[in-house]
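Observations on the model geometry
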Amino acid sequence: MKIASFNINGIKARIGALTDWLEEAKPDVACLQEIKSIDENFPRELFEDMGYIVETHGQKGFNGVAILSKLPLEDVTRGLPGDDTDEQARWIEATVMGDTPVRVCGMYLPNGNPAPGPKYDYKLSFMDRLHTRAKALLELEEPALICGDFNIIPQPEDAARPEAWKDDALFRPESRAAWRRILNLGFTEALRATSHAPETYTFWDYQAGAWNRNDGIRIDHFLLTPQAADLLETCEIDVAIRGREKPSDHVPIWVSLAA
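Residues numbered from 1 in each chain as written. Predicted model: local features only at pLDDT ≥ 70, side-chain atom pairs only at ≥ 80, totals over all residues. Heavy atoms only, no water.

Next up on the list: the nonpolar core. Counting 51 residues, the largest nonpolar core has Ile-3, Leu-32, Leu-145 and Leu-257 as its most contacted members. Sequence-distant contacts of Leu-32, defined by excluding residues within four places in its chain, comprise Phe-6, Ile-8, Leu-18, Phe-42, Gly-64, Val-65, Ala-66 and Leu-68. (Core = buried A, V, L, I, M, F, W, Y, C linked by side-chain atoms within 4.5 Å. Buried < 20%, exposed > 50% of the residue type's maximum accessible area, 1.4 Å probe, protein only. Contact = heavy atoms within 4.5 Å.)

Now for the layout of surface pockets. Taken as a whole, the largest pocket spans an internal volume of roughly 400 Å³. Approximately 180 Å³ is the volume found for the second largest pocket. Taken together, 15 residues line the second largest pocket, and the ones lying closest to its centre are Gln-155, Glu-157, Asp-158, Arg-192 and Arg-218. Broken down by element, the residue count for the lining of the second largest pocket peaks at three residues, all from helix α4 (residues 173-183). Of the residues belonging to the lining of the second largest pocket, the class tally is five nonpolar, three polar and seven charged. (1 Å grid on protein atoms, 1.4 Å probe; cavity = no way out; pocket = protein on both sides within 12 Å on 5 of 7 lines; lining within 4 Å. Points joined across faces, edges and corners; volume = space filled by probe spheres on them. Helix = DSSP H or I, 4+ residues; strand = E, 2+ residues; numbered from the N terminus. Nonpolar A, V, L, I, M, F, W, Y, C, P; charged D, E, K, R; others polar.)

Across its 22 residues, helix α3 (residues 118-139) extends 32 Å between first and last C-alpha, which sits within 8% of the 32 Å expected from 1.5 Å per residue. Restricting attention to buried positions, one finds in α3 the residues Tyr-120, Tyr-122, Lys-123, Phe-126, Met-127, Arg-129, Leu-130, His-131, Arg-133, Ala-134, Leu-137 and Leu-138. Where α3 is buried, its residues touch β6 (91-96), β7 (102-108), β8 (144-149), α4 and α6 (226-229). At the exit of α3 stands Glu-141, carrying a positive phi of roughly 55°. (Expected span 1.5 Å × (residues − 1).)

Further remarks concern the pattern of salt bridges. Inspection of the entire model under this criterion finds 16 salt bridges. Notably, a salt bridge pairs Arg-133 with Glu-93, separated by 2.7 Å at the nearest N-O pair. Of the two residues, Arg-133 is situated in helix α3 and Glu-93 in strand β6; the sequence distance between them amounts to 40 residues. Overall, Glu-93 belongs to the buried group, its relative accessible area being 2%. (Salt bridge = Lys/Arg side-chain N within 4 Å of Asp/Glu carboxyl O.)

Turning next to α4. Within α4 the residues assigned to the buried category are Ser-175, Arg-176, Ala-178, Trp-179 and Ile-182. Buried residues of α4 fall within an arc of 155° about the axis and therefore sit on the same side. Looking at the packing, one finds that the buried side of α4 touches α3, β9 (188-189) and β12 (220-224). (Arc of directions from axis to C-beta.)

For the rest of this paragraph, the subject is the pairing of β12. Counting buried residues along β12, five of its five residues qualify, which places the element largely inside the surrounding structure. Residues of β12 alternate between two faces, with Asp-220, Phe-222 and Leu-224 on one and His-221 and Leu-223 on the opposite face, all of them buried. With five bridges joining them, β8 and β12 adopt antiparallel strand pairing. Residue pairing for β12: Leu-145 is matched across the bridge by Leu-224. In terms of strand pairing, β9 meets β12 through two bridges, oriented antiparallel. Bridge assignment links Thr-188 to a residue of β12, and that residue is Leu-224. (Pairing = 2+ DSSP bridges.)

Given below as structure tokens:
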């Protein structure tokens, strides 16, 4: 089972780039972030014609997440538990019914800038709620994963210029401590479990020629429960997508599971 995560930075702006990648990469499941569309306006028929089941949790102009799956989906839920007042569309999960069912959680974690400030407080509060949901997933003792744009640079080696990010919400000590608190519950970080290659990034800013200079950061991740980690075959980043016409500032990251 090939499961991918891709922050597309606007479904309308990237529709061509997204469909081209789907046709080439052929993921069984694709978790999308920043669709920036309400559910009614999402071009679901286009993806259904490609053989995908489409589930969205949208929001006008901002945020928004989706799951595209060629396998049946069960128990689809929307919104990260823990705050009934949170109206931001950042979380969707479903069980993918392959040979081995896998609970897939797609997430767009808040950026948090400027930090400190209310947006950073929301980021840390969201991560507290994520910790609670992650713990609950582990307690099920079933194959499950959390993937998406975490807006977290875990370590200095995950940035081309870590010194440039030291005061940024993506790299502040409180952010990375919250990340480790979740990871240390017992999750496997898929990419680092399969590769320690240098200069491994998933995001390059549109400004200042960041892509051409490979001035990137790694902020898109897969966290696997032990039962999912036992099925992990590989984790890869489709870096070349960033160099194409009208790209997202992120690239897809994917795992292959023996499921």
